[in-house]
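Remarks on the overall topology
Residues per chain, in single letters:
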Amino acid sequence: MTEEVRVPVEELRRFVEGVFERLGVPNADARICADVLLAADLRGISSHGVSRLILYVNRIRNGTLSPVTNLAVVREGPTTAVLDAQNGMGMVAGYRAMELAIRKARAFGLGAVVVRNSSHYGIAGYYALMAAKEGMIGMSFTNARPSVAPTFGVEPMLGTNPIAFACPTDEPFPFCFDAATSVSQRGKIEVLARLGKPAPVGWVIDKNGEPATDPRTILAGLPKDEYAFLPLGGAGEELGGHKGYGLATMVELLCSALSGGPFLKDLADQDEQGRPKPSRLGHFFLALDIQRFLPLAEFKRLAGEILRALRASAKAPGAERIYTAGEKAWLREQEIRKLGVPIDPPLLRTLNGLAAELGLPPLA
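Everything in this summary refers to the structure shown in the same document.

Calculation rules
Residues numbered from 1 in each chain as written. Predicted model: local features only at pLDDT ≥ 70, side-chain atom pairs only at ≥ 80, totals over all residues. Heavy atoms only, no water. Axes fitted to C-alpha atoms, helices over the stretch in contact; angles between N-to-C directions. Helix = DSSP H or I, 4+ residues; strand = E, 2+ residues; numbered from the N terminus. Parallel < 35°, antiparallel > 145°, perpendicular 65-115°, else oblique. Contact = heavy atoms within 4.5 Å. Pairing = 2+ DSSP bridges. Buried < 20%, exposed > 50% of the residue type's maximum accessible area, 1.4 Å probe, protein only. Expected span 1.5 Å × (residues − 1). Phe/Tyr/Trp six-rings, centres within 6.5 Å; stacked < 30°, edge-to-face > 60°. Salt bridge = Lys/Arg side-chain N within 4 Å of Asp/Glu carboxyl O. Left-handed = near helix turned anticlockwise from the far one by under 90°. Nonpolar A, V, L, I, M, F, W, Y, C, P; charged D, E, K, R; others polar.

1. Some words on the packing of helix 2 (residues 27–42) against helix 4 (residues 90–108)
Look at helix 2 against helix 4: their axes get within 9 Å of each other, and the N-to-C directions meet at 95°. Taken together, helix 2 and helix 4 sit at an angle that is classed as roughly perpendicular. The segment helix 2 lies against helix 4, with Asp-29, Ile-32, Cys-33 and Val-36 engaging Met-91, Val-92, Tyr-95 and Arg-96.

2. A word on the sheet that holds strand 10 (residues 227–229)
The antiparallel open sheet is built from three strands, whose spatial order is 9-8-10. Every other strand in the sheet has two partners, leaving strand 9 (211–212) and strand 10 as the edge strands with one partner each. Where strand 8 (residues 204–206) lies against strand 10, three bridges are found, and the strand directions are antiparallel. Each bridged residue has a counterpart across the sheet, and for Asp-206 the counterpart in strand 10 is Tyr-227.

3. Examining helix 3 (residues 53–61)
Buried residues of helix 3: Leu-53, Leu-55, Tyr-56, Val-57, Arg-59 and Ile-60, and no others. Summarising the contacts, the buried residues of helix 3 are in contact with helix 1 (9–22), helix 2, helix 4 and helix 11 (345–358). Looking at the residues trailing helix 3, positive phi occurs at Gly-63, about 85°.

4. Here we look at the sheet that holds strand 2 (residues 72–76)
The sheet built from seven strands is open, its strands ordered 2-3-4-11-5-6-7 with mixed pairing. Only two strands of the sheet have a single neighbouring strand rather than two, namely strand 2 and strand 7 (175–179). If you compare each strand with its neighbour and ignore which way they point, the axes differ by 15° on average. In this sheet, strand 3 (residues 80–84) lies alongside strand 2 in antiparallel orientation, the contact comprising four bridges. When the sheet's bridge partners are listed, Ala-72 is paired in strand 3 with Asp-84. Running over the sheet, helix 5 (residues 124–133) touches strand 5 (136–142), strand 6 (163–167), strand 7 and strand 11 (281–289) and is turned about 160° from strand 5.

5. What to know about the side chain of His-48
Within the secondary structure, His-48 is located in the loop between helix 2 and helix 3. Once you skip the residues sitting within four places of it in the chain, His-48 turns out to touch Leu-37, Ala-40, His-120, Gly-122, Ile-123 and Gln-185.

6. Considering helix 1
Taking 1.5 Å per residue as the helical rise, helix 1 with its 14 residues ought to reach 20 Å, and the 20 Å between its terminal C-alpha atoms agrees with that figure. Buried within helix 1 are the following residues: Val-9, Leu-12, Arg-13, Phe-15, Val-16, Glu-17, Gly-18, Val-19 and Phe-20.

7. Let's talk about unusual backbone geometry
In this structure, Asn-117 takes a positive phi of about 55° despite not being glycine. Using a relative accessible area of 12% as the deciding quantity, one classes Asn-117 as buried. Within the chain, Asn-161 stands out as a residue other than glycine whose phi angle is a positive 35°. Mapped onto the secondary structure, Asn-161 falls in the loop between strand 5 and strand 6.

8. A closer look at the packing of aromatic side chains
A full pass over the atoms with the stated rule returns eight aromatic pairs. Ring plane angle 55° and centroid distance 6.1 Å describe the contact between Tyr-121 and Phe-285, whose orientation is recorded as tilted. Taken together, the residues span a long stretch of sequence, with Tyr-121 in the loop between strand 4 (110–118) and helix 5 and Phe-285 in strand 11 at a distance of 164 residues. With a relative accessible area of 1%, Tyr-121 lands in the buried category. An angle of 25° between the planes, with centres 5.7 Å apart, marks the rings of Phe-141 and Phe-284 as stacked. In this pair, Phe-141 is assigned in strand 5 and Phe-284 in strand 11, connecting sequence segments 143 residues apart.

9. With respect to the pattern of salt bridges
Within this structure, the stated rule accounts for 25 salt bridges. Here Arg-61 ties to Glu-357 by a salt bridge, and the two come within 2.9 Å at their closest N and O atoms. On the criterion of sequence distance, the pair formed by Arg-61 in helix 3 and Glu-357 in helix 11 is long-range, its members being 296 residues apart. We classify Glu-357 as exposed; its relative accessible area is 53%. Notably, a salt bridge pairs Asp-170 with Arg-308, separated by 2.9 Å at the nearest N-O pair.

10. Digging into the packing of helix 4 against helix 5
Running from N to C, helix 4 and helix 5 point in directions that differ by 25°, and their axes come no closer than 10 Å. Relative to helix 5, the element helix 4 is oriented roughly parallel. Here helix 4 and helix 5 pass one another in a crossing that is right-handed. Contact residues: helix 4 offers Gly-90, Met-91, Gly-94, Tyr-95, Met-98, Glu-99 and Ile-102, while helix 5 offers Tyr-126, Tyr-127, Ala-128, Met-130 and Ala-131. Each residue belonging to the contact of helix 4 with helix 5 can be placed in one class, and the counts come to nine nonpolar, two polar and one charged.

Taken by themselves, the reported measurements are silent on function.
Pasting the structure below:
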């Protein structure tokens, strides 16, 4: 197999913006969408980067995703808001919602905003980091199309429902935890399918509770309830699978119940006949103004001391070093900005095919 190609960050950004614009996404919104996708690739989360571009393209083309995002205010108070994305671009809805949460936090110390009837919004960490860049603590959750079985179950009911938390530190990078509440997620299976590699045992089970490893079969069977991801911790309770299940349910409550939106199986992107339909996802955003608690510089110092103490603790035999959340992503970003975004050959063919369809210059 041909080795991956490195595409300069700004070239890839222009390409992604161009794709969205050709599909009817307004210029300012296209820039937001491209920035969210590039942020994933820069942080080494290739499952949610430009590899997901075709997902948005297909949904815009089949009419289940509106390229123009008209956010409607359903309810609003000094520190809270409920927004309706009306099946618009999830990245735009997420960006505007966190902007609003940050404005409320700056005025009143805290801002909490929920969004309903939205769509896939990229990596949850992007929005938490928006708050961290403003000297605040940021949190971002989203539900997702059903793919995860509850503990002791085999039917995909919950989404991979990620949790993201970010805060500033006195180091060159913020602390940023961003993870699904499942062992793995669909984007990683899509990458494995593209590369012709099996999924590890323990990620997915079939309807008999047995491990499944063929990524193409898994992707085809997920909408038919033939396969399900396991919650964080795995099957059963012995290794804490019930904890991942509980966290996923917490995200569902914040994103669906609190927003008054659809939940669980109603978030599927296909109807019972397999026809595409809007996913109508929910998101939750929180911004907390640190300076309402103590001076920002003091918080940053204390946060940095906590992280440095963790990294300096005793290492396991054979371990090279200890990392803290967000550190590897920051290191990866420095490398990718210099060398370019790694694109595997099958993805490059897909993107260049899209470029030809839309009359855009092909990628290198």
